[in-house]
Amino acid sequence: GANSESVTIKRDATDPTVTATASPLPNFFGWNNTNVTVSFTGTDAMSGIAYCTPDEVLSLEGEGISVSGTCTDYAGNVSELATVSGIDIDKTPPTVTVTGVADGAVYILGDVPVAGCETVDGLSGVLDEATLTLTGGTIDGTGSFTATCSGAVDFAGNTSPDVAVGYKVIPPQMAIGSIIDDIEELRKLDILNDGLAVSLTTKLELARKILDIGRKTRTAVNLLQAFINEVQSLVGEG
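What counts, and where the lines are drawn
Residues numbered from 1 in each chain as written. Predicted model: local features only at pLDDT ≥ 70, side-chain atom pairs only at ≥ 80, totals over all residues. Heavy atoms only, no water. Helix = DSSP H or I, 4+ residues; strand = E, 2+ residues; numbered from the N terminus. Rg over C-alpha atoms; globule rule 2.2 N^0.38 Å. Buried < 20%, exposed > 50% of the residue type's maximum accessible area, 1.4 Å probe, protein only. Pairing = 2+ DSSP bridges. Axes fitted to C-alpha atoms, helices over the stretch in contact; angles between N-to-C directions. Phe/Tyr/Trp six-rings, centres within 6.5 Å; stacked < 30°, edge-to-face > 60°. Polar contact = N/O pair within 3.5 Å; in protein donor to acceptor, adjacent residues only side chain to side chain. Contact = heavy atoms within 4.5 Å.

Visitor: Which residues make up the overall build of the chain, and what are the values?
Guide: When you go through the chain residue by residue, the secondary structure sums to three helices and 15 strands. Here the chain has a C-alpha radius of gyration of 37 Å; the compact-globule value for 238 residues is 18 Å, and the former is much larger. The C-alpha extent of the chain, read off along each of the three principal axes, is 140 × 40 × 20 Å. Residue burial in the chain is summarised as follows: out of 238 residues, 32% are buried.

Written out as structure tokens, the structure reads:
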């Protein structure tokens with residue numbers, strides 16, 4: 001009758017829409033080298049958005065990572081899943097190793113290994129190999145050297161720190177001198193008798209003198225070979 005009231009009924013049966021985004025964007029090669037945040041935003045023309053899946057922060061390294069989420073409106077309608085897939089994260093720079101020479105090693109001139117760089121990356125891969133820089137030493141090739149490998153970069157943009165190895169190169173004469181010292185030490189310990197010690201030392205001292213002069217190198221080599229032969233003949237005799 002006269003006192004009837006009108007009632008307004010609101011009805012929303014339409015699902016909201018949802019958009020998933022990842023930030024920051026990957027680099028040119030499709031990789032990120034920092035955490036990636038995936039966020040979800042929704043739109044709803046009727047009742048409005050009440051809730052969306054919270055942001056997810058991806059901090060672990062990996063390849064082909066996917067994250068999905070939804071949004072819900074105030075009427076309780078849930079959107080379809082929105083997915084960001086193919087997220088690639090690599091935070092670790094390549095592993096760089098100096099090859100050929102060892103840190104703290106002493107090499108004899110003429111028998112020095114070739115220094116080099118090895119670059120390995122287990123996730124995004126090596127974009128730029130480390131390059132070698134040799135510093136130190138004297139004009140004759142002896143002295144203290146530093147082999148440095150630098151500039152390694154992976155496809156995610158991670159740059160490796162420089163890796164350096166220090167070593168020394170000595171002339172043969174210096175190496176011979178250290179062996180003479182060793183023979184004298186063995187003589188003092190009665191491991192070598194005086195006669196053997198003199199026989200061995202004489203060959204070395206003569207070879208060293210010839211090398212110092214810088215002439216008749218073949219003669220010096222023959223003397224050193226004779227020294228080696230004599231030492232080998234003594235091995236096993238105590």
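Visitor: Quick rundown of the sheet that holds strand E9 (residues 106-108)? Include the residues and the values.
Guide: Taken together, four strands build an open sheet; the order of strands is E9-E15-E13-E12 and the sheet is mixed. Since the sheet does not close on itself, it has two edges, and those belong to E9 and strand E12 (131-136), each with one partner. Within the sheet, the average angular offset between the axes of one strand and its neighbour, ignoring direction, is 30 degrees. Where E9 meets strand E15 (residues 163-170), three bridges bridge the pair, whose relative direction is parallel. Residue pairing for E15: tyrosine 107 is matched across the bridge by valine 169.

Visitor: How would you explain the packing of aromatic side chains if you had to name every residue and give the values?
Guide: In this structure the tally under the stated criterion is four aromatic pairs. Ring centres 5.2 Å apart and planes at 85 degrees place the aromatic pair phenylalanine 28 and phenylalanine 29 in the edge-to-face group. For phenylalanine 29, a relative accessible area of 39% corresponds to the partly exposed category. An angle of 75 degrees between the planes, with centres 5.8 Å apart, marks the rings of tyrosine 107 and tyrosine 167 as edge-to-face. On the criterion of sequence distance, the pair formed by tyrosine 107 in strand E9 and tyrosine 167 in strand E15 is long-range, its members being 60 residues apart. By the burial criterion, tyrosine 107 is buried, and tyrosine 167 matches it. A network of ring pairs unites the aromatic residues Phe28, Phe29 and Phe155 as a single cluster.

Visitor: Could you give an account of the side chain of glutamate 230, naming the residues involved and the relevant values?
Guide: Along the polypeptide, glutamate 230 turns up in helix H3 (residues 217-234). You can call glutamate 230 buried: its relative accessible area is 15%. A distance of 2.8 Å separates polar atoms of two side chains, one belonging to glutamate 230 and the other to serine 199. If we ignore the near neighbours within four places in the chain, the residues touching glutamate 230 are Leu196, Ser199, Leu200 and Lys203.

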